Amino acid sequence: MKSKGYDPIKLTETTEQIVIQGNKRKYANLARHLRFYGGTISATEVGCNLRCKFCFSEDPVRKPATTGKFYSPEEVFDALIKKAKKHGTKLISASASEGTLGKQHLFDLLDLVDKTDYIYILETNGMTIGHDESFAKELSRFKNLHVRVSIKGCNYEEYAMLTSAKPESYDIPYRAIKNLIDSGVSCNACLSISFSSVEEVKKAEKRLYDIKPGILKSLEKEYITMFPKVQKRLNRYNLRPNKVRQFGKIIDY
């Protein structure tokens, strides 16, 4: 019996056909200053291989064909560095979609970053890196790289409820973390826990601990922010979080 839901790996392939042209990728914005990691300059990517119902990103994820423009790695790099110098930060990144789409574009961008003293934060849901072990090995050659793997929910059922993906694909980001650690790539895990019970969070932490105990030291526990568009979407699916982030604080919802 086939499980319900879409396959994130197949969605990766179809999305790349839309947002990748050679070594160019679609972006909606090339450089904006964000508060994350103590201050970073981030490009806004277009195209994702998950459809999280709590995601703050709207058109870049859900309307990739009509959102953004194609840019070369050099164009993205130049825009990030220019703004990073202006704000005095050494951290650069891309966000709002899936960071690993368009492998050649990413690698060409990371080659440019490696020639500087800037650090690139690769934000990913782990699907591509967990599916393809060689991806992590290829990433290991970049010295100015840190990978942040975001896990959507704390168990199969919660993940499927939040993403509508096949429940078994929940295993893939855990494999991504193992692949990255085994390949010597700097990384950390992030758990989306706004819809999770304390008990389920502990189970997810145990699963990460079993990969490598030290991964818990850098574990991020992420709560959603109820932007109007997020709230509207969650209401449509009759989903209600337990806790959310509001004005920098975590509150019961």
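Cut-offs used in this document
Residues numbered from 1 in each chain as written. Predicted model: local features only at pLDDT ≥ 70, side-chain atom pairs only at ≥ 80, totals over all residues. Heavy atoms only, no water. Helix = DSSP H or I, 4+ residues; strand = E, 2+ residues; numbered from the N terminus. Expected span 1.5 Å × (residues − 1). Contact = heavy atoms within 4.5 Å. Buried < 20%, exposed > 50% of the residue type's maximum accessible area, 1.4 Å probe, protein only. Polar contact = N/O pair within 3.5 Å; in protein donor to acceptor, adjacent residues only side chain to side chain. Core = buried A, V, L, I, M, F, W, Y, C linked by side-chain atoms within 4.5 Å. Disulfide = S-S within 2.5 Å. Axes fitted to C-alpha atoms, helices over the stretch in contact; angles between N-to-C directions. Parallel < 35°, antiparallel > 145°, perpendicular 65-115°, else oblique. Left-handed = near helix turned anticlockwise from the far one by under 90°. Nonpolar A, V, L, I, M, F, W, Y, C, P; charged D, E, K, R; others polar. Phe/Tyr/Trp six-rings, centres within 6.5 Å; stacked < 30°, edge-to-face > 60°. Salt bridge = Lys/Arg side-chain N within 4 Å of Asp/Glu carboxyl O.

1. Description of helix α9 (residues 198-211)
- The first and last C-alpha atoms of α9 sit 20 Å apart over 14 residues, in line with the 20 Å expected at 1.5 Å per residue.
- Each element contacted by the buried residues of α9 is listed here: β7 (145-152), α8 (172-182), β8 (187-192) and β9 (220-222).

2. Let's talk about the environment of Asp111
- Tracing the backbone shows Asp111 in helix α4 (residues 103-113).
- The class of Asp111 is partly exposed, set by a relative accessible area of 29%.
- A sequence separation of 33 residues divides Asp111 from Asn144, and the C-alpha atoms of the two residues are 9.2 Å apart.
- Apart from the residues lying within four places of it in its own chain, the contact partners of Asp111 are Arg141 and Phe142.
- In this structure the side chain of Asp111 is engaged in a polar contact, spanning 3.1 Å, whose partner is the side chain of Arg141.

3. What to know about the nonpolar core
- In terms of nonpolar packing, the biggest core is built from 67 residues, with Tyr120 and Leu139 touching the most fellow members.
- Setting aside chain neighbours within four positions, we find Leu139 in contact with Leu106, Phe107, Leu110, Leu122, Ile129, Leu145, Leu180 and Val185.

4. What about unusual backbone geometry?
- Although it is not a glycine, Tyr37 adopts a positive phi angle of roughly 60°.
- Tracing the chain through its elements places Tyr37 in the loop between β2 (24-34) and β3 (40-45).
- Tyr37 gets classed as partly exposed once you look at its relative accessible area, which sits at 31%.
- Phi at Ala96 is positive, roughly 80°, even though this residue is not glycine.

5. Thoughts on the state of the cysteines
- Taken as a whole and judged by the stated rule, the model has zero disulfides.
- In this model Cys52 remains outside any disulfide bridge; the closest cysteine sulfur is found in Cys55, 6.1 Å from its own.
- Note on Cys52: relative accessible area 9%, which makes it buried.

6. Some points on the packing of α8 against α9
- Between α8 and α9, whose axes approach to 10 Å, the crossing angle comes to 25°. Compared by their axis directions, α8 and α9 come out roughly parallel. Every pair of crossing elements has a handedness; the one defined by α8 and α9 is right-handed. Seen from α8, the contacting residues are Tyr174, Ile177, Lys178 and Ile181; seen from α9, they are Ala204, Arg207, Leu208 and Ile211.
- When its residues are assigned to classes, the contact of α8 with α9 shows six nonpolar, no polar and two charged.

7. Regarding the packing of aromatic side chains
- In total, this model carries seven aromatic pairs according to the counting rule given.
- Between Tyr27 and Tyr71, the aromatic rings sit 6.4 Å apart at their centres with planes inclined by 65°, giving edge-to-face as the arrangement. Linking Tyr27 in strand β2 with Tyr71 in strand β4 (residues 69-71), this pair joins segments that are 44 residues apart in sequence.
- Taking the relative accessible area as the measure of exposure, Tyr27 reaches 2% and is therefore buried.
- Ring centres of Tyr159 and Tyr170 lie 5.4 Å apart, and the angle between their planes is 45°; this geometry places the pair in the tilted category. Highlighted residues: Tyr159 in helix α7 (residues 156-163) and Tyr170 in the loop between α7 and α8, separated in sequence by eleven residues.

8. A word on the pattern of salt bridges
- Enumeration over the complete set of coordinates arrives at 16 salt bridges.
- Two residues, Glu200 and Lys203, come together in a salt bridge whose shortest N-O distance is 3.2 Å. Of the two residues, Glu200 and Lys203 are both situated in helix α9; the distance of three residues between them amounts to about one turn of the helix.
- A salt bridge links Lys206 to Asp210, with the shortest nitrogen-to-oxygen separation between them at 2.9 Å.

9. A closer look at the side chain of Asn179
- Note on placement: Asn179 falls in helix α8.
- Note on Asn179: relative accessible area 11%, which makes it buried.
- Side-chain polar atoms of Asn179 contact the backbone oxygen of Ile129, separated by 3.0 Å.
- Setting aside its immediate chain neighbours within four residues, Asn179 contacts Ile129, Gly130, Glu133 and Ala136.

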